[in-house]
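Tertiary structure, described
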Amino acid sequence: MAAPVAQAQTAGTVRFEIAPQSLGAALAAFTEKTGITLAYGGTLPEVGSQGASGTMSTPEALSRSLAGSGLTFRFTGAATVTLVAVPQASASTVQLGPVRVEGAETADLTSLTDDPIASEGTQSYAARGASMFKGDQALKEIPQSVTVVTRKFLDDLNLNTVEQVLEKTPGITVGESPMGGRYFYSRGFQMSGQAGQYLYDGVPLDVGGNYVQASSFNADMALYDRVEVLRGTAGMLRGVGNPAGTVNFVRKRGTYEPTFSGTIQAGSWNNYRAQLDASGPLNASGTLRARGLLAMQERDYFYDIGQRGDRIAYAALDYDVSPDTTLGAGISYEKLNATPCFHGLPRYSDGSDPHLDRSTCLGMKWNRWKSERTTLFADLTHRFSEDWTFKASAVFSQNDQDIKYAFAEGSIPLGSTTAPLALYSGLFDYDHQDYGVDAFVDGKFRALGQEHQLIVGINASRSKHDDRWALIRMTETQDAFHPVSNVAEPDDSYYAPNAYRGGAVPDVSTSKNFGMYANLRMKVADPVTIVLGGRLSWYDYERENAAFWGVHSYRHVKDNAKFTPFAAAIFDVTPNVSFYASYAEIFTPQSDYETESGNPLKPVTGTSYELGVKGAWFDDRLNGAINLYRTDRHDLAQTDYASSCPGSSDGYCYINSGDVRAEGFEAELNGRVAPGLELQAGYTFTKTKITRDLSDANEGTVFNGLTPRHLLRLWANYETGRFSVGGGVTAQSKIYTLNRGTRITQGGYTLWNTRVGYDLSESWNVAVNVNNLFDKRYYQTIGYTTYGSYYGEPRSFMVTLRAKY
């Protein structure tokens, strides 16, 4: 792919102070600031300009100044720009960003890489599109609920981990796993688990685990340009149509001009982080581009003994083999060394709160969590013509984890001020290899007087896990009110022969997914688009272990040629607003459950309906969406307590007897709502209920009490002159769990966060973030009477010094 036409003037960022005024005056201020000569063969439109205020690239400043004027631009020399009228939309017009430029070989002028919808450098909370659906599509044209977390939002809020990102994403709730990692929920259903539900540059990769059921892998956000989050059925993308959704991580890539950024951070609980990010061409023509990134972080936590260290390295190359063909490859390495505090805190025997200190940890100083993850990736993009493109991508990930920790379990007698709890310990050795490939053709064609789009592709993933783990009972006890952290550490060799669960025999599993997919967007009339798609999937899962209760277990599940259709209609009410309706089917294997006869359970099936409105305003600098949805799932696994399956995790067998329904309302607004004011806001209403159950008494009750019925997330940042001020709120209604008839509740709560930034110069910025401003005391996760409750983080501070060149 040829370099963007703006490459001569896109290096680094500059501080602009162009006030809202007439277009002519704004362009004169731009010329005075940059020294660039503007040429236009006509009379400038007598319209106003919103100006450009803040630190940004030169093309971004000019793009903002021209917004709404009917003009676009192209660089014709190192310091000369020609202004031209925006052409009418046609097959040869790139329309993915705020600047529209004729010609198939051009990219958006605010993009420094081959990714035309990259968020880096836009200085915006509004995404210019999403790539998880193959090809780059504007959010308004996607008939599903999608949030894109941009690079500016990641930087403004210091979001460095997966869980931090999803904790700020509208409609997503995050819970701590007692065994490490996090659970993510969307629309009442769990996103993470054995199937992973993650995409990397659109390639499916299974990064979950068998025993650690949550997301225990390490993934630092420094590597990524943006995070695309789908709420709703993801069958078109993965085959395994989990109705919760999926997450697509889009990597940073090499830039056409040299760029450099450095970040130093210091915050509460000895939280220190440093990061260097450099990118640019390696030859004079810019056909070979590289990116390199290094980051490190050391931190303690608000609870006792907790600490963590991270080391991250990333390198990527992109090479234009020809003007139409680009080959890319890269590698990332992430290392974690932590002293964790797993398993959470207990409650009183009646489920009430014992009000333990927020610093309470019931683990030991010798707890350890070591993880190393190496990821290799490669992709090839070829443009057959201005309308047809082929892309093939592959990812490989090797993740090794060494985990050892002590944990206490048991409920606290009601009214007691001392609580000797049983003490246990676990030793875990994980070896995970994950592969993913994806290849598709994306093209446009004309028929019946209209332009249509067709995407056809295949993808596959393979995950092999070789795990060894053991749980032992310790002779000591732990007092929840007066915990100690220096109980003698058992030798690693003691665990396997003395395990009450697990042991020396490995837990080995292999899962394979393969699918063929197609998506046709037919323009049946100027305002109406019909979307028809589907995926044909093959699934193969094999697992052998003797880990549960020492009983050998072997399970092999196959599903062949399962078809999951998708259909939608989009009606363009105006150029800025569209209505949509969509339908999708659900197919989710239940590989780890079997009947008393030893047969695997049938897959979960179901349907999902969505009806919504989407909008894009101010040259796509503001995106909005409102939708209603309903999802029905059938044949969920339920425990058959009258049976016995010694090889299962709980000793019981299962039957297909559960049906559930989730329905709700979602509203979201992202981007610039006024000059200098960026907003990311979302509200979700979620209602789940059991519609069929083994017990008639459960029918009609709530399916997932951990999903709040009401969830509001809002953040706004205002820039004026050298200053920027941000503030946000997260408010949610109550959540609860049921533990053998005992209800454990966390009432609704509200958290406030704020940020103040100052530009020291055109390249240097300092900012202070304060989270949980009013030091709200709450449980971020609630578990059972015996374990699993985690306090939310108290008030914390972070100071950030950032340089960009």
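Check the entry above for the structure.
In short, a report on the structure. Here the structure is a predicted model, which means the values were calculated and not measured. (Residues numbered from 1 in each chain as written. Predicted model: local features only at pLDDT ≥ 70, side-chain atom pairs only at ≥ 80, totals over all residues. Heavy atoms only, no water.)

To continue, consider the overall build of the protein. Looking only at helices and strands, the protein has five helices and 44 strands in total. Over its C-alpha atoms the protein spans a radius of gyration of 27 Å, differing by no more than 12% from the 28 Å that the globule rule assigns to 805 residues. Principal-axis analysis of the C-alpha atoms gives the protein an extent of 85 × 55 × 45 Å. Per-residue burial for the protein yields a buried fraction of 59% across its 805 residues. Restricting to contacts in the protein with at least 6 residues of sequence separation, those with at least 24 account for 67%. Of the roughly 30000 Å² of accessible surface on the protein, a fraction of 57% belongs to carbon and sulfur atoms. Each charge sign in the protein was given a centre, from 72 positive and 86 negative side chains, and these centres are 3 Å apart. (Helix = DSSP H or I, 4+ residues; strand = E, 2+ residues; numbered from the N terminus. Rg over C-alpha atoms; globule rule 2.2 N^0.38 Å. Buried < 20%, exposed > 50% of the residue type's maximum accessible area, 1.4 Å probe, protein only. Contact = heavy atoms within 4.5 Å. Areas by Shrake-Rupley, 256 points an atom, 1.4 Å probe, with all protein chains shown as cover. Lys, Arg positive; Asp, Glu negative; His and termini not counted. Charge placed at Lys NZ, Arg CZ, Asp CG, Glu CD.)

Inspection of the entire model under this criterion finds 26 aromatic pairs. Consider the rings of F428 and W469, whose centres lie 6.4 Å apart with planes at 20 degrees: the pair is stacked. Residue F428 is found in strand β25 (residues 420-447), and its partner W469 is found in strand β26 (residues 450-479); the two are separated by 41 residues along the sequence. For W469, a relative accessible area of 3% corresponds to the buried category. Aromatic side chains F723 and Y758 sit 4.8 Å apart centroid to centroid with 50 degrees between the ring planes, which places their arrangement in the tilted category. With F723 in strand β37 (residues 723-732) and Y758 in strand β40 (residues 749-759), this pair connects stretches of sequence that are 35 residues apart. By the ring-pair criterion, three or more aromatic residues cluster together here, those being F342, W369, Y405, F407, Y424, F428, Y430, W469 and Y500. (Phe/Tyr/Trp six-rings, centres within 6.5 Å; stacked < 30°, edge-to-face > 60°.)

Right, let's talk about unusual backbone geometry for a bit. With phi around 55 degrees, N158 is a residue other than glycine that occupies positive phi space. For N158, the position within the fold is in the loop between α3 (151-156) and α4 (162-167).

Ordered by their spatial adjacency, three strands build an open sheet running β11-β12-β13, and the pairing between neighbours is antiparallel. On the outer flanks of this sheet lie β11 (172-176) and β13 (189-190), each paired with one strand and no other. Here β11 pairs with strand β12 (residues 182-186) via five bridges, running antiparallel. Each bridged residue has a counterpart across the sheet, and for V174 the counterpart in β12 is F184. (Pairing = 2+ DSSP bridges.)

Another aspect to go through is the nonpolar core. Generally speaking, soluble globular proteins have nonpolar side chains that are buried together. Membership of the largest hydrophobic core comes to 41 residues, with the highest contact counts inside it found for L166, M221, V227, V247 and F249. Among the nonpolar cores identified, the runner-up in size contains 25 residues, and L362, A419, L421 and I782 belong to it. (Core = buried A, V, L, I, M, F, W, Y, C linked by side-chain atoms within 4.5 Å.)

A word on the pattern of salt bridges. Applying the stated criterion across every chain, the model contains 48 salt bridges. We note a salt bridge from R755 to D156, for which the minimum N-O separation is 3.9 Å. One end of the pair, R755, is in strand β40; the other, D156, is in helix α3, with 599 residues separating them in the sequence. For the pair shown, R755 and D156 are each scored as buried. With a shortest N-O distance of 3.8 Å, E793 and R299 are connected by a salt bridge. With E793 in the loop between β43 (790-791) and β44 (796-804) and R299 in strand β20 (residues 288-300), this pair connects stretches of sequence that are 494 residues apart. (Salt bridge = Lys/Arg side-chain N within 4 Å of Asp/Glu carboxyl O.)

On to a nonpolar patch on the surface. On the surface, F260, I264, L276, L294, L760, W764, L801 and Y805 cluster together into a nonpolar patch covering about 760 Å² of accessible area. Looking at L294, the relative accessible area reads 52%, which means it is exposed. (Patch = residues over 30% accessible without salt bridge, like charges linked within 9 Å, V, L, I, M, F, W, Y side chains within 5 Å.)

What follows deals with the sheet that holds strand β14 (residues 198-200). What the five strands build is an open sheet, ordered β10-β16-β17-β14-β15; its pairing is mixed. The open sheet has two free edges, formed respectively by β10 (145-149) and β15 (203-205), since each of these has just one partner strand. Here the strands of the sheet are splayed against their neighbours by 25 degrees on average, with no regard to which way each runs. Across seven bridges, strand β16 (residues 224-231) lies against strand β17 (residues 245-251) in antiparallel orientation. Across the sheet, the residue bridging to Y224 is R251, located in β17. (Axes fitted to C-alpha atoms, helices over the stretch in contact; angles between N-to-C directions.)

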